[in-house]
Structures are given as C-alpha cells and as structure tokens.
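Descriptive structure summary
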Amino acid sequence: MSGMSIGGSELDASWFLILSAILFTIGAVGVLVRRNPLVILICIELMLNAVNLTLVTFSRQLQNLEGQLFTLMSITVAAAEAVVGLAILVDIFRTRDVEDVDELSEMKG
Amino acid sequence: MAVVGAVGVISFHEPIRSVLSLVVVMIALGILFLLLSAQFIFVAQIIVYAGAVMVLFLFVIALFGPARELARANLRFQSWLAAVFVLALLIVIWTMLSGVQYRQPDTTDLSVFGTVQSIAVGLFTTYLYPFELTSLLLLVAAIGAIYLSRKKVDDQ
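Calculation rules
- Numbering of residues starts from 1 in each chain and follows the order in which that chain's sequence is written.
- Here the convention is simple: chains get letters from A, ligands get numbers from 1, in the order in which they are written.
- Totals for whole chains, interfaces and linings use every residue, but because this is a predicted model, local features are given only for residues with pLDDT of at least 70 and side-chain atom pairs only at 80 or more, for both listing and counting.
- Strands here mean DSSP runs of E at least two residues long; helices mean DSSP runs of H or I at least four residues long; both are numbered from the N terminus.
- With C-beta atoms placed from the backbone, the exposure class of a residue follows from how many other C-beta atoms lie within 10 Å of its own: 20 or more, buried; 12 or fewer, exposed; in between, partly exposed.
- Residue pairs are scored as contacts if the distance between their C-beta atoms, which are placed from the backbone, is within 7 Å.
- For every domain, the bounds stem from an assignment made automatically or drawn from a database.
- When residues are sorted by character, Ala, Val, Leu, Ile, Met, Phe, Trp, Tyr, Cys and Pro go into the nonpolar class, Asp, Glu, Lys and Arg into the charged class, and all the rest, Gly among them, into the polar class.
- The nonpolar core criterion groups buried Ala, Val, Leu, Ile, Met, Phe, Trp, Tyr and Cys residues into a set whenever they are joined through C-beta atoms within 7 Å.
- Axis lines are fitted to C-alpha atoms, over the contacting stretch for helices. Their N-to-C directions set the angle, which ranges from 0 to 180 degrees.
- Each angle is binned into one of four classes, with values under 35 degrees roughly parallel, values over 145 roughly antiparallel, values of 65 to 115 roughly perpendicular, and all other values oblique.
- The predictor attaches a confidence to each residue, and that confidence, scored 0 to 100, is pLDDT.

A word on the overall build of chain B
Each helix and strand in chain B was counted, giving 6 helices and 0 strands. Starting at the N terminus, the α and β elements of chain B follow one another as α-α-α-α-α-α. Among the 156 residues that make up chain B, the fraction classed as buried is 21%. Put simply, of all contacts in chain B between residues at least 6 apart along the chain, 50% involve residues at least 24 apart.

Quick notes on the overall build of chain A
Counting secondary structure elements, chain A contains 3 helices and 0 strands. Buried positions account for 46% of the 109 residues belonging to chain A. Taking as baseline every contact in chain A between residues at least 6 positions apart, the subset at least 24 positions apart corresponds to 45%.

A short note on the domain arrangement of chain B
How big an interface is tends to be stated in terms of accessible area lost as the parts join. Residues and elements named next belong to chain B. Here the domain parsing of chain B yields domain 1 (1–69) and domain 2 (112–151). Across the contact, 4 residues belong to domain 1 and 5 residues belong to domain 2. In terms of residue class, the side of domain 1 that touches domain 2 is built from 2 nonpolar, 2 polar and no charged.

Notes on the interface of chain A and chain B
Contacts between the two partners involve 59 residues from chain A and, on the opposite side, 65 residues from chain B. If you list the elements that add at least two residues to the side of chain A that touches chain B, you get helix 1 (13–33), helix 2 (37–62) and helix 3 (66–95) of chain A. Sort the elements by how many residues they give to the side of chain A that touches chain B and helix 3 of chain A lands first, with 20 residues.

Things to note about the nonpolar core
Counting 50 residues, the largest nonpolar core has I42 and L46 of chain A together with F33 and I41 of chain B as the members making the most contacts within it. When residues of this core are traced back to their parent elements, those giving at least two are helix 1, helix 2 and helix 3 of chain A together with helix 2 (15–35) and helix 3 (39–64) of chain B. No other element matches helix 2 of chain A, which puts 11 residues into this core.

Description of the packing of helix 2 of chain B against helix 3 of chain B
The axes of two packed helices give the description: the angle between them and the distance between them. Residues and elements named next belong to chain B. Interaxial distance between helix 2 and helix 3 falls to 9 Å at its minimum, and their mutual angle equals 175°. One finds that helix 2 runs roughly antiparallel with respect to helix 3. In this structure, helix 2 contributes P15, I16, V19, L22, V23, M26, I27, L29, G30, F33 and L34 to the contact, and helix 3 contributes Q39, I41, F42, Q45, I46, Y49, A50, M54, F57, L58 and I61. Considering only residue class, the contact of helix 2 with helix 3 consists of 19 nonpolar, 3 polar and no charged.

Re the environment of P37 of chain A
Residues and elements named next belong to chain A. Along the chain, the position of P37 falls in helix 2. Given 22 C-beta atoms within 10 Å, P37 falls into the buried group. On a C-alpha basis, the gap between P37 and L86 in space is 9.6 Å, while along the polypeptide they are 49 residues apart.

Details of the confidence of the model for chain B
Summing up the model confidence of chain B, the mean pLDDT is 79 and the portion of residues at 70 or higher is 79%. Interface predicted TM-score (ipTM) for the complex: 0.79; the corresponding pTM is 0.81.

Digging into the packing of helix 3 of chain A against helix 6 (residues 128–148) of chain B
The contact between helix 3 of chain A and helix 6 of chain B brings their axes to 9 Å, and the two run at 10°. With respect to helix 6 of chain B, the element helix 3 of chain A is oriented roughly parallel. Only P130, T134, L137, L138, A141, G144, A145 and L148 of chain B of helix 6 of chain B make contact with helix 3 of chain A, whose side of the interface consists of M73, T76, V77, A80, V83, V84, A87, I88 and D91 of chain A. Looking at side-chain class alone, the contact of helix 3 of chain A with helix 6 of chain B contains 13 nonpolar, 3 polar and 1 charged residues.

As structure tokens, then:
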C-alpha cells in the first residue's frame, strides 16, 4: 500500500467526490442533449460509474467494506441493464432505422 | 483523464467514438479504484465494463452501421432546458458533498482491505442473500435478452 492515506495527508477523498460529481453531471448532460438512443445508454453507464466511484471513495474513507460490496452489486445491475437495453435497441433497429429517440414515442405496453 | 474521456463521450457525433472514449473513462476509473485500495473492484471493472459491456456496445454499432446523429432537435428549447437542469443538479450534488462529515473510520486492517479474500468473506456471510438475488437478476437479464433478440417466427 506504500503508506497512502486518504483523508490524511497525501490524498484527500473530496477530490474523488468532486470528480464523481463532475462525471455524473456530464452523463446527465449526455442523456438530456444527445438524440441517439445508443449514446443515451452509454451516458447512463457513465452515470452509474460515477456513482460507483462515490461508493468506493466512501468505503475507503470509512474503511468499511460494505461500500465495495454494494459496488459489486451495482456493476452487476449495470451489466444486466446494458444487456437488456441493447437487446431492445437491436429489436427496434431490426424493423426500422432510428436515429432519434423522438421517433420512438409511440411505444406502448 | 477521466473528465476528458467523459466530455468525449457526449461530444463526438459518431457513436463508435463515444464508446471508445467511454473505455478511456472506465480504465481511468479503474486506476482510481486501485488507488482507493479496491483491488477486486478494479479487476471487476476492467473485465466487466471495459471488456464485456463495451464489446457489447461495439457489437451493436458494428451490426447496424455507423449511424450519424442528426444535428437538429425537435424540441426547440431543449438545450437551454438541459443546461438549466444540469446546473441545478450540479449545485445540488455540490451542496450535498460539501456538507460531508466523516465519522471515525472503522479500525480495519488496511493490509487486507479490499482484497479478494475480505470481499468474499463479506459477500458469502453477511450479504449472501443479496448475492443470490444478483445471480437471479443476471439469469433474468440473460433470458430477457435472448427473448428480445430472437428471430421472430411467424406462427401460422
């Protein structure tokens, strides 16, 4: 570990939290601004990763392993979400060429 | 590096470049996890995210061709609304994070913190039930993906 102490002298945990906030915000911008459904999925992955960084940072800061365990669960959920989302997109792309999420507004139950 | 990659994700117009910049973000975050003494999370991040999920995205893009994004937006004030909303979001997160006060850390031995062994002990004793639930979730996701992407058979 080479004597690295976060929250102590060498590295401050707040930098990790700030980075995670910035990443989450950039992901939110992407979801709101971009039009391609694929890119919107990518941006959701980005936001999930920012949350993971927050969890790991607090876990390290409190020296409590539960944050890391929850991060593992979160990675699993993110992978499952990506798989199902991409499957839906493949199903949609197969019938027509969609470049804009507004063209998908007629989807109903 | 992570921030540069993230900006690249939302600013490139071709989806394949977005995916490749997301890989940069993933690897940078993985290195940060290693810095935060979360070795097992680092390995999981590299394998699951930078490996599997990104390959999945690249597959879908390669399957359906490089669809370029249209520049126009149907909603007129969408970018302004998005800017306002995101600014509010950033302020909310900032105030939440700036009010953070840490309690006294648990006295865990840092030499074993975040190793595979310590994570496995937590995962298979205290959190066994959520762990089994995640495996069930993965099963459901796999079945759902197969169901959604199967070839439609006309039953006549």
